[in-house]
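Structural characterization, general
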Amino acid sequence: MSKTLTKYVCQSCGYVSPRWIGKCPNCSEWNSFVEEAATPVKASRKTGVSSKIEPVSFDQIEKEDVPRIQTTLIEFDRVLGGGLVPGSLILLGGDPGIGKSTLMMQMAIALKDHLVLYVTGEESVRQIKLRAERLNVSSAKNILLLAETNLDLILDVIDAGTPDLIIVDSIQTMYRPGMESAPAV
């Protein structure tokens, strides 16, 4: 009879412990650990794939100029190295209330020629519209708003509409049904 392996995961920061502890050593939250089943990982390095992979030296990689999408927010584009790279993922972080959501709304408004899906897990679509109105925008037909935290439902919307840009505000509120851990873990 095999023993069931368990782990304890902090629901605030995702820290994993082999046993329950009262205070998380990573984020200092109290009583945030939840017991989860741990799936054992096989120690085998063989995957059955016959292709051999090899590292490539830095000077063997050819430079490729990728056209960037200009947002017209000069400093934002500068930080991104000249604008948004198609197919890239950008994680914008910072303390609560410093203007991350406002900056993302300004960027979405600036991209008039691109269809933007703004997914909000923290605010209602009405609150997002109020923010846009504070930025003197009464109409932005290129922006679609979606208040949802279920990742499967969000992916269905993305598949149905194929937006040019997706803004998720904020990623830590998103969850996937069937996964045992809480959002942001």
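Here, the structure is the one placed above.
Quick look at the structure, then. (Residues numbered from 1 in each chain as written. Predicted model: local features only at pLDDT ≥ 70, side-chain atom pairs only at ≥ 80, totals over all residues. Heavy atoms only, no water.)

**Observations concerning the sheet that holds strand β6 (residues 165-169)**
Spatial ordering of the open sheet is given by β5-β4-β6, a layout of three strands whose pairing is parallel. For this open sheet the edge positions go to β5 (143-147) and β6, each flanked by a neighbour on one side alone. Averaged over all pairs of adjacent strands, the angle between their axes in this sheet comes to 15 degrees, without regard to strand direction. By the bridge criterion, five bridges tie strand β4 (residues 116-120) to β5 in an arrangement that is parallel. By the bridge assignment for β5, Leu117 is matched with Leu144. This element, helix α2 (residues 100-110), spans β4, β5 and β6 of the sheet and lies at about 165 degrees to β6. (Pairing = 2+ DSSP bridges. Helix = DSSP H or I, 4+ residues; strand = E, 2+ residues; numbered from the N terminus. Axes fitted to C-alpha atoms, helices over the stretch in contact; angles between N-to-C directions. Contact = heavy atoms within 4.5 Å.)

**Quick notes on the pattern of salt bridges**
Here the structure, examined in full by the defined rule, presents four salt bridges. Two residues, Arg78 and Glu75, come together in a salt bridge whose shortest N-O distance is 2.9 Å. With Arg78 and Glu75 both in helix α1 (residues 74-79) and three residues apart, this pair spans about one turn of that helix. Given a relative accessible area of 57%, Arg78 falls into the exposed group. (Salt bridge = Lys/Arg side-chain N within 4 Å of Asp/Glu carboxyl O. Buried < 20%, exposed > 50% of the residue type's maximum accessible area, 1.4 Å probe, protein only.)

**Here we look at helix α3 (residues 125-134)**
Those residues of α3 that sit buried are Ile128, Arg131 and Ala132. In a view along the axis of α3, the buried residues occupy a sector of 100 degrees, so they form one face of it. Summarising the contacts, the buried residues of α3 are in contact with α2, β4 and β5. Asn136 sits one or two positions beyond α3 and adopts a positive phi of about 65 degrees. (Arc of directions from axis to C-beta.)

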